[in-house]
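Results of the structural survey
Residue-level listing of the chains:
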Amino acid sequence: MINFVLRRLGLALLVSLTVSFLSFMLIFLSGDPAVAIAGEGASMADIEAVRSQYGFDRPILVQYFAWLGQAVQGNFGNSYYFNLPVTDLVADRLSVTVKLGLCGMGFALITAIPLGVIAAMRPNSIVDRTALLFSVVGQAIPSFWFGLILIVVFAVQLRWLPASGTDSWKNFVMPTIVLGYYAMPAIMRLTRAGMLDVLNSDFIRTARAKGSSELRVMFKHGLRNAIIPVVSLAAVQMGFMLGGSIVVESIFALNGAGYLAWESIARNDLPTVQALILIFSMFYIVFTLIADVLNACLDPRMRSS
Amino acid sequence: MTSPLLSVRNLKVDIPSGSGTLHPVRGIDFDLHRGEVLCVVGESGSGKSLTSLSLMGLLGRTLERSADRMEFDGINLLGASGRQMRKLRGARMAMIFQEPMTSLNPVYTIGDQLIEALLLHRRMPRAQARARAVELLEKVGITAAASRLGQYPHQLSGGLRQRVMIAMALMCEPQMIIADEPTTALDVTIQAQILRLLYDLVREMDMAMILITHDLGVVARVADKVAVMYAGELVETGTVAEVFDQPLHPYTRGLLDCIPQPGKTGRGEPLGTIPGIVPSLVGQVDGCVFRTRCTQAGPACLGPIPRRSRDGHLFRCVHTDGYAPAETKAI
């Protein structure tokens, strides 16, 4: 088990390094960064001055390691637009995004897994059909539309919840539902399919032959086997939620990291974009790592592979 | 004579389907006494496994079970609730399955699974359950038993897994064990060992066993009684000596002819076969179920088939005269 974790950690580290190099190289993709920073109408001398001030005249690898050295200490330079340290800017926005992501994923898991299990216990029953309908609708309706409908009903008509902002927990209720409902269908259907598959296994019959109760058969013997692919899916979705909740963040005016990334790209604010891409990638890497370790805890066969 | 441990009358299993109901088990009767080994033999699809699953109450939801009587140690299994059946399963009646490779849960250690079998039915400290698990693993011939408890099923061979399954079935010292072709999936070299082991343990612990097999050689060695099953019916039942030495049903004779016998089967002589295939399980069969494959089939085989008996040796065939029609009593 320790070997497995160490191996996975090493792999994660290598992937992180690759990603960091790619996100660093982004700065050179959109032309000469010195020209961009110096602004329109700058003279050659100004551009050269910027170039040496920012160190763009050094070899790329030197620049990369200098940047990486700073980045691992949490220093991503100053935002071109705000002229503030990127780290402060991102940390502030990230707390909103992480809160939203965790709430959204929590909501998705809490609804999807029990629904998936219940649907699998009675395939093609009313419960199963209803759950299916619920998930098809969730997959089909766009988040921005669903978010707006919620705002119209609960904020405008009923006045139960605030429509925007990040002042209290109430602000997170609707975004959580929108984000969670988006992730829920895939998790539910994977749980259902996994359970249906597992419940036909011989070892489930063995569990019944021992005298286990149905609940024990479902949860102890069934779900532990069926949940393994769900863990991997949830990890990917979690990474997606933390990096890609731009739509939800803009509808509810939650000043999150996704929204910041979108703004920074529009403003050509490269240090911020670099930092965010690196951080979003790290989320994916960390969550996949967590999922792999969790799966190895759940399934002994994965530890040896 | 004491009352039987298990008494089954007119047990039927039906599978409703769109194109007509299937009848894989068509009304079978048998008794199993304490400490007795009953072997059920028959071709694939003759209803042996479904019979055993219906005794355990483990039939799938889409299958329907009915019987005139099904009593286990004085308990009416037909009227038993789910809760009552759960209390019996594993504790007083246990089952060993055909597929050792897939019958253990891959994500729990064998120790956990053995201990669970005991703790589901008995209140005791975990350490005590663990000790019992070690004791039984040793009993089924597993070396270094204590260290095996932490191993997972995928780390064990098929033979070892079946030994674990046997140990698991014995955890609560059940009164009855149903072994459904326990050695079919194993290497030939292991088969004899596992069967020997199972037989010895059943005798040692004075349990009753229903052994399902299609290996007649096994039957001859271990059985007290034999039940020959064909197309969902028990066509002949009796002691090993009765059935093997004087088979009365043409199907039993056909089965026995398929086996080479030292001294009887000549060199180069072809072994017997039973021509044809098992009849369709859809709908009721008129007359004898074996009629379509029987060399002696005649017009009488279309009528009702009486059950005849000679001192408890029962068979269903119109051809063998001179035996008294059976009472409703089974073997």
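Residues numbered from 1 in each chain as written. Chains lettered and ligands numbered in written order. Predicted model: local features only at pLDDT ≥ 70, side-chain atom pairs only at ≥ 80, totals over all residues. Heavy atoms only, no water.

1. So, the overall build of chain B
As a reminder, the rule being used: Each helix corresponds to a stretch of at least 4 residues labelled H or I by DSSP, and each strand to a stretch of at least 2 residues labelled E; elements are numbered beginning at the N terminus. Computation of the radius of gyration draws on C-alpha atoms, with the globule rule given as 2.2 Å multiplied by the number of residues to the power 0.38. For the exposure calls, accessible area comes from a 1.4 Å probe over protein chains only, and a residue counts as buried if that area is under 20% of its type's maximum, exposed if over 50%, partly exposed in between. When checking whether two residues touch, look at their non-hydrogen atoms; a contact exists if any pair is within 4.5 Å. Computed by Shrake-Rupley with a 1.4 Å probe, the accessible areas treat only the displayed protein chains as cover when residues are assessed.
Summing up its helical and strand segments, chain B has ten helices and 14 strands in all. Its C-alpha radius of gyration of 21 Å places chain B within 12% of the 20 Å reference for a compact globule of 331 residues. Reported as C-alpha extents along the three principal axes, the dimensions of chain B are approximately 65 × 55 × 45 Å. Relative to its full complement of 331 residues, chain B shows a buried share of 53%. Contacts spanning at least 24 positions in sequence make up 63% of the contacts within chain B whose residues lie at least 6 apart. For chain B, the exposed area adds up to about 14,500 Å²; of that, 51% sits on carbon and sulfur atoms.

2. Focus on the UniProt feature "transmembrane region" (unreviewed entry) in chain A
All names here are of chain A. Definition in use: UniProt positions are given in the numbering used here, feature names are shortened, and annotations may be inferred rather than shown by experiment.
Within this structure's numbering, the places UniProt gives as "transmembrane region" (unreviewed entry) are residues 98-120, 132-160, 172-191, 226-253 and 273-298. Annotated as residues 132-160, this span is 83% helix and 0% strand, and its ends, taken at the C-alpha atoms, are 29 Å apart. A distance of 37 Å separates the end C-alpha atoms of residues 273-298, which is 100% helix and 0% strand.

3. Quick word on the interface of chain A and chain B
For clarity, the threshold we go by: As a working definition, buried area equals the accessible area (1.4 Å probe) given up by two parts on being put together, with both sides summed. By convention in these notes, a salt bridge is any Lys or Arg side-chain nitrogen within 4 Å of a carboxyl oxygen on Asp or Glu. Within 3.5 Å is the distance limit for a polar contact, defined as a pair of N or O atoms, with the added protein rule that one can donate a hydrogen and the other accept it, and that residues adjacent in sequence qualify only through two side-chain atoms.
Listed as interface residues are 23 residues of chain A and, on the opposing side, 25 residues of chain B. Counting each side, the surface lost to burial between chain A and chain B is near 2,200 Å², with a carbon and sulfur contribution of 55%. Broken down residue by residue, the surface that chain A buries against chain B is led by R205(A), A209(A) and K210(A), which jointly contribute 28%. Where chain A touches chain B, the interface holds four salt bridges. Note that E116(B) is salt-bridged to K220(A), the shortest N-O span being 3.8 Å. The interface formed by chain A and chain B includes 16 residue pairs in polar contact (both at pLDDT 80 or more). Where the side of chain A that touches chain B is concerned, the elements lending two or more residues are α9 (202-209), α10 (214-244) and α14 (300-304) of chain A.

4. So, helix α3 (residues 110-119) of chain B
Three or four residues apart is the spacing at which side chains of an α-helix point the same way, because the helix has 3.6 residues per turn. Taking burial as the measure, the ten residues of α3(B) include eight buried ones, the bulk of the element. Of the positions making up α3(B), those classed as buried are I110(B), G111(B), Q113(B), L114(B), I115(B), E116(B), A117(B) and L118(B).

5. Considerations on the packing of aromatic side chains
Filter applied, for reference: Aromatic contacts are taken between Phe, Tyr and Trp rings whose centres are within 6.5 Å, Trp giving its six-membered ring; a plane angle under 30 degrees counts as stacked, one over 60 as edge-to-face, and the others as tilted. The criterion for a charge sitting over a ring is simple: Lys NZ or Arg CZ within 6 Å of the ring centre, and within 35 degrees of the ring normal.
Applying the stated criterion across every chain, the model contains 16 aromatic pairs over all chains. Between F21(A) and Y64(A) the ring centres are 5.0 Å apart and the planes differ by 85°, which places this aromatic pair in the edge-to-face class. Of the two residues, F21(A) sits in helix α1 (residues 2-25) while Y64(A) sits in helix α4 (residues 60-72), which places them 43 residues apart along the sequence. Judged by its relative accessible area of 4%, Y64(A) is buried. Taken together, the ring pairs in this structure connect F21(A), F24(A), Y64(A), F65(A), W67(A) and F76(A) into an aromatic cluster. Against the face of Y108(B) rests R224(A), its NZ or CZ located 4.8 Å from the ring centre. Geometry around Y81(A) places R267(A) over its ring, the cationic atom sitting 3.9 Å from the centre.

6. Some remarks on the pairing of strand β11 (residues 233-239) of chain B
Residue and element names in this part refer to chain B. Our working definition: In this description, strands pair whenever DSSP reports at least two bridges between them.
The buried fraction of β11 amounts to six of the seven residues, a majority that puts the element mostly inside the structure. Looking at chain direction, strand β10 (residues 225-230) and β11 are connected through six bridges and run antiparallel. Bridge pairing in β11 links Y230 to E233. Hairpin connection of β10 to β11: two residues between the antiparallel strands, including A231 at a positive phi of 50°. Relative to strand β13 (residues 313-316), β11 runs antiparallel, the two sharing two bridges. The partner of E236 across the bridge, within β13, is F315.

7. What to know about the environment of R8(A)
Topologically, R8(A) is positioned in helix α1. Apart from residues no more than four positions distant in its own chain, R8(A) is found in contact with L289(A) and D292(A).

8. Quick look at the pattern of salt bridges
All names here are of chain B. Applying the stated criterion across every chain, the model contains 25 salt bridges over all chains. For R132, the salt bridge goes to E173, with nearest N and O atoms at 3.8 Å. Residue R132 is located in helix α4 (residues 126-139), and its partner E173 is located in the loop between α6 (158-170) and β8 (176-180); the two are separated by 41 residues in the primary sequence. What makes E173 partly exposed here is its relative accessible area of 48%.

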